[in-house]
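# Reading the structure
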Amino acid sequence: MKRYSAFAIAREALRNHTGWDRAWASPEPKKRYDVIIVGAGGHGLATAYYLGKNFGITNVAVLEKGWLGGGNTGRNTTIIRSNYLQDPSAAIYEKSRSLYETLSQDLNYNIMFSPRGVIMLAQTEHEVRGYKRTAHANALQGVKTEYITPKRVKELVPIIALDGPRYPVLGGLWQARGGTARHDAVAWGYARACSAMGMDIIQRCEVTGVTRDGGKVTGVTTTRGDIGCDKLGIVVAGHSGHLADMAGFRLPIESVALQALVSEPIKPCMDVVVMANTVHGYMSQSDKGEMVIGGGADGYNNYTQRGSFHHIEETVRALIETFPMISRLKMLRQWGGIVDMTGDRSPILSKTPVDGVFINCGWGTGGFKAIPGSGWAMAELMAKGTSPLADAFSLGRFREGRFIDESVAAGVAH
Amino acid sequence: MLILTCPCCGVAADETELAPGGEAHLKRFGPGSSEDAFEGYLFLRQNPRGVHFERWRHAYGCGKWFHAARSTTTMEVFGTYSAQVTEPPPEITAKIAAAGKPTA
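Residue positions are counted from 1 within each chain, in the order its sequence is given. Chain letters start at A and ligand numbers start at 1, both assigned in the order the entries are written. Totals for whole chains, interfaces and linings use all residues, but because this is a predicted model, local features are given only for residues with pLDDT of at least 70 and pairs of side-chain atoms are given and counted only at 80 or more. Water and hydrogen atoms were dropped before computing side-chain values, which therefore reflect all heavy atoms in the structure.

## With respect to the domain arrangement of chain A
It is common to give the size of an interface as the accessible area that goes away when the parts come together. Residue and element names in this part refer to chain A. The condition that has to hold: Domain boundaries shown here were taken from an automatic or database domain assignment. The contact definition used throughout considers only heavy atoms, calling two residues in contact when any of these lie within 4.5 Å. By buried area we mean how much accessible surface two parts lose on assembly, using a 1.4 Å probe and totalling the loss over both. When a carboxyl oxygen of Asp or Glu lies within 4 Å of a side-chain nitrogen of Lys or Arg, that pair is called a salt bridge.
Each assigned domain of chain A is listed here: domain 1 (22-109 + 182-252 + 344-409) and domain 2 (118-178 + 255-342). Tallying the contact residues gives 34 residues for domain 1 and 33 residues for domain 2. In this assembly, domain 1 packs against domain 2 so that about 2700 Å² is buried in total across both faces, 53% of it on carbon and sulfur atoms. Together, Arg75, Asn83 and Leu85 form the three largest contributors to the area buried by domain 1 at its contact with domain 2, with a combined 23%. Counting the contacts that link domain 1 with domain 2 gives one salt bridge. In this structure, the salt-bridge partner of Arg177 is Glu101, at a minimum N-O distance of 2.6 Å.

If you want it as structure tokens, here you go:
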């Protein structure tokens, strides 16, 4: 792999940009790998990357039925934060956020991490109490957040209307080192680094079955032939239930559509991420100037990658109350992704009833922020069978009643 | 927009009138059941990529619960039926079979 650098740009400028390599190779699948990861989204590629980087396991294939990063990795609103209430959540999300800080240097690929700060607005008395509690919990967990006053909110976000008719802004939970990153670049950066370690990233290769021998995984059948493996990692977000069905177990997961939309580009007007969870809307401004808007998920099972129109209406209606100046913005495009929701709104990183099969799913509406930490923990889990970051998120927690309940605490628009 | 006909009042209701209620025909297990059965009832879901039998409530209409059979991949609705049954009625399963869709 040729390193990207200012020198490389200068060198290529002098020779008409003829020396750039493809960022990653597209090999034919081999007959057998030590580890197969299903799903070349952020989480799958990060898992492969840290398997190689932290544990020296490089005989790895990452299989993708569509194109790299074309699922939820390319469909989210790119928000990165770690201000969760429960200790296991704070640990894995803060690990992830801290990895994002240096990910561009680590991968030698500019992921455009922008720690511009994230505010979660408190718009009811209940939210005020909830976010104060989260700020205290974060202080104990070593996650830097603070509870701020409406005056401070207004200083940070001049375009906000504090005295909204329905839900005035009463305060906010502020994480100064939260922010955004370029979502595609995260997938591309990991893919390039994996490919450089000799891993095979195989796109347009759909897994059609999981072959087992006496309760242990032996490989997968795919649209590009049978491939053997010792360990299989299922990292397919919304389609986790489908893959689990192939491997012969069930999951506490339901797949629903979550939508986002962007406006036409406008001049810079908001340099932080704002989340308004009572009214189900969040917004940030991309580097191109588009207002990036996300809202609540649909309430029913769906695999179509398109959602209900009335949810967009609800989201935009709520945001116009909070940001009156966006009322005349034209919306440029809208899209949907299929998110995998667990009952306690926390992810699952776990061994499964099938020996050698590991699953990483259930990130629901907030998976992008977790990509590096999720990959880090999943790689450790797959290599060593246990991981301090992942163990609390095992499948067994539902049966044993050890929920990591972020369904009310996370304050995310579910 | 998803439109379901409420079998209780006969209104073809828009999605905004309805409240989704999750997977239908769950077999309930309580005290005395095995841990596997109880976990399955409480948490594990079919989450099919195909025909989904589900519960809905006509929240901003007659207020009654009912069942629907809907494809999660095409959004095609195969019909709605009474909430007072423990499995889909034959006319619904026949319609699904006629469309060539597996119901598992």
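There's more to say after this.
## Here's the deal with helix H2 (residues 42-55) of chain A
Residues and elements named next belong to chain A. Short version of the rule: Elements are defined by DSSP. Helices are runs of H or I of four residues or more, strands are runs of E of two residues or more, and each kind is numbered from the N terminus. By this rule, a helix spans an expected 1.5 Å times one less than how many residues it contains. Throughout this description, buried means an accessible area under 20% of the type-specific maximum (1.4 Å probe, protein chains only), exposed means over 50%, and partly exposed covers the range between.
A rise of 1.5 Å per residue sets the reference length of H2, with its 14 residues, at 20 Å; its end C-alpha atoms lie 19 Å apart and thus fit the reference within 8%. Within H2, 11 of the 14 residues are buried, which leaves the element mostly enclosed by the surrounding structure. Along H2, the positions that sit buried rather than exposed are Gly42, His43, Gly44, Leu45, Ala46, Thr47, Ala48, Tyr49, Tyr50, Leu51 and Gly52. Just downstream of H2, Gly56 is the residue with a positive phi angle, here 65°.

## Details of the sheet that holds strand S5 (residues 146-148) of chain A
Residue and element names in this part refer to chain A. Here is the rule we go by: The pairing criterion is simple: DSSP has to find at least two bridges between the two strands. Between the N-to-C directions of two axes lies an angle of 0 to 180 degrees, each axis being a line fitted to C-alpha atoms and, for a helix, fitted only over the stretch in contact.
Read across the open sheet, the eight strands follow the order S5-S6-S4-S13-S14-S15-S12-S16; overall the sheet is mixed. Either end of the sheet is taken by a strand with one partner, and the two such strands are S5 and strand S16 (331-342). Taken pair by pair, the neighbouring strands of this sheet meet at an average axis angle of 25°, ignoring direction. In terms of strand pairing, S5 meets strand S6 (residues 171-175) through three bridges, oriented antiparallel. Bridge pairing links Glu146 to Trp174 in S6. This element, helix H5 (residues 125-141), spans strand S4 (118-122), S5 and S6 of the sheet and lies at about 140° to S4.

## Section: the packing of H2 of chain A against helix H7 (residues 183-196) of chain A
Residue and element names in this part refer to chain A. Counted only if it meets this: Throughout, a crossing is termed right-handed when the near helix is turned clockwise from the far one, and left-handed when it is turned anticlockwise from it by less than a right angle.
With their axes 9 Å apart at the nearest point, H2 and H7 run at an angle of 35° to one another. H7 is crossed by H2, and the crossing has left-handed handedness. Contacts between H2 and H7 involve Leu45, Ala46, Ala48, Tyr49 and Tyr50 from the first element and Ala187, Tyr190, Ala191, Ala193 and Cys194 from the second.

## Side note on the sheet that holds strand S6 (residues 77-82) of chain B
Residues and elements named next belong to chain B. Strand order in the open sheet formed by four strands is S3-S4-S5-S6, with antiparallel pairing between adjacent strands. The open sheet terminates on both sides in strands that have one partner only, identified here as strand S3 (19-23) and S6. Each neighbouring strand pair of the sheet contributes to a mean axis angle of 30°, computed without reference to strand direction. When S3 meets strand S4 (residues 51-57), the two strands line up antiparallel, connected through three bridges. Residue pairing for S4: Pro20 is matched across the bridge by Trp56. Relative to the sheet, helix H2 (residues 90-98) contacts S4, strand S5 (65-71) and S6, its axis offset from that of S6 by approximately 170°.

## Concerning the nonpolar core
Filter applied, for reference: By nonpolar core is meant a set of buried Ala, Val, Leu, Ile, Met, Phe, Trp, Tyr and Cys residues that side-chain atoms within 4.5 Å join together.
Ile37, Leu45, Tyr100, Ile111 and Tyr190 of chain A are the most contacted members of the largest nonpolar core, which has 50 residues in total. With sequence-adjacent residues up to four places away left out, Tyr100 of chain A is seen in contact with Ile80, Ile111, Phe113, Ala181, Val186, Phe368, Lys369, Ile371 and Pro372 of chain A. Judged by nonpolar contacts, the second largest core, of 31 residues, contains Ala61, Leu232 and Ile234 of chain A together with Phe43 of chain B.

## Considering the environment of Leu51 of chain A
All names here are of chain A. On the secondary structure map, Leu51 appears in helix H2. On the basis of relative accessibility, which here comes to 0%, the residue Leu51 falls in the buried class. Put simply, Leu51 and Cys194 are 143 residues apart on the chain and 9.5 Å apart in space, counted from C-alpha to C-alpha. In this structure, Leu51 is in contact with Val35, Ile37, Gly56, Ile57, Val60, Ala379, Met382 and Ala383, ignoring residues within four places of it in sequence.

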